[in-house]
Amino acid sequence: MKMWSCFFDLLKDSDEPLWDDCMNHSKLSVVAHVFTIKSDYEASEAGYDRIIEWTRSILPEGNRLKENFYAAKSMMKPLGLGYQKIDMCPNFCMVYYLKNTELTECITCGYSRYKTRTGMRKTLVTYKKLRFFPITPKL
């Protein structure tokens, strides 16, 4: 029963205008578009929050735009659009998945999985990531 109430909440958000008398955008459409921009340009959550903060400042009073990334993500969560990040070779030779998870170089071309560390960076950063959207949980 909870699944249906989440679905109907999303339907309501898709029909609710961003502000009174707004004909072009719904609350859901704006959040979806900003999520797409965040993903396309690999923006951080802090970057998303700054964009939303600025956007809310130019919108009319009483707008219904979610105030930050956390609130927007909780609104979109019922869609079940989660994904899994999988490292891949920058030359598209292979993915580092299952039995290849621990490898640090491509078995086909020998290219390194990680960018060279510069400065004081402690974490390893991969050249490319594949975003895998599993279909089974959605069915």
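It should be noted that the structure appears before, not after, this text.
A brief look at the structure comes next.

Conventions and cut-offs
Residues numbered from 1 in each chain as written. Predicted model: local features only at pLDDT ≥ 70, side-chain atom pairs only at ≥ 80, totals over all residues. Heavy atoms only, no water. Helix = DSSP H or I, 4+ residues; strand = E, 2+ residues; numbered from the N terminus. Buried < 20%, exposed > 50% of the residue type's maximum accessible area, 1.4 Å probe, protein only. Contact = heavy atoms within 4.5 Å. Areas by Shrake-Rupley, 256 points an atom, 1.4 Å probe, with all protein chains shown as cover. Patch = residues over 30% accessible without salt bridge, like charges linked within 9 Å, V, L, I, M, F, W, Y side chains within 5 Å. Salt bridge = Lys/Arg side-chain N within 4 Å of Asp/Glu carboxyl O. Polar contact = N/O pair within 3.5 Å; in protein donor to acceptor, adjacent residues only side chain to side chain. Core = buried A, V, L, I, M, F, W, Y, C linked by side-chain atoms within 4.5 Å.

From N to C terminus, the protein includes four helices and two strands. The order of α-helices and β-strands along the protein, N terminus first, is α-α-α-α-β-β. Burial statistics for the protein: of 139 residues in total, 24% are counted as buried. Residue pairs at least 24 apart in sequence account for 42% of intrachain contacts in the protein once pairs closer than 6 positions are excluded. A total of about 10500 Å² of accessible surface is found on the protein, and carbon and sulfur atoms cover 57% of it.

Turning to a nonpolar patch on the surface, a few remarks are in order. Side chains of V95, Y97, L98 and L130 sit close together on the surface and give an oily, nonpolar patch of about 350 Å² of accessible area. Mapped onto the elements, V95 comes out in the loop between β1 (84-88) and β2 (128-132).

A separate point is the environment of S112. With respect to the helices, strands and loops of the structure, S112 is situated in the loop between β1 and β2. The class of S112 is partly exposed, set by a relative accessible area of 31%. As a C-alpha pair, S112 and P90 span 22 residues in sequence and 8.5 Å in three-dimensional space. Beyond its immediate stretch of four places on either side in the chain, S112 contacts P90, T104, E105 and Y127. A polar contact is formed between the side chain of S112 and the backbone oxygen of Y114, at a distance of 3.0 Å.

Now for the side chain of N100. Mapped onto the elements, N100 comes out in the loop between β1 and β2. N100 has contacts with M94, V95 and R113, leaving out every residue within four places of it along the chain.

This part takes up the nonpolar core. One finds L18, V31, F35, Y48 and L65 to be the most contacted residues of the largest nonpolar core, which totals 15 residues. Put simply, the parts of the chain that give this core at least two residues each are α2 (27-40), α3 (45-58) and α4 (69-76). Among the elements that make up this core, the one with the highest residue count is α2 (five residues). Excluding its chain neighbours within four sequence positions, the residues that come into contact with L65 are L18, V30, V31, I52, T55, R56 and L59.

For K27, the position within the fold is in helix α2. A relative accessible area of 12% places K27 in the buried class. Excluding residues that lie within four positions of it along the chain, K27 makes contacts with D13, E16, P17, L18, R64, K66 and M75.

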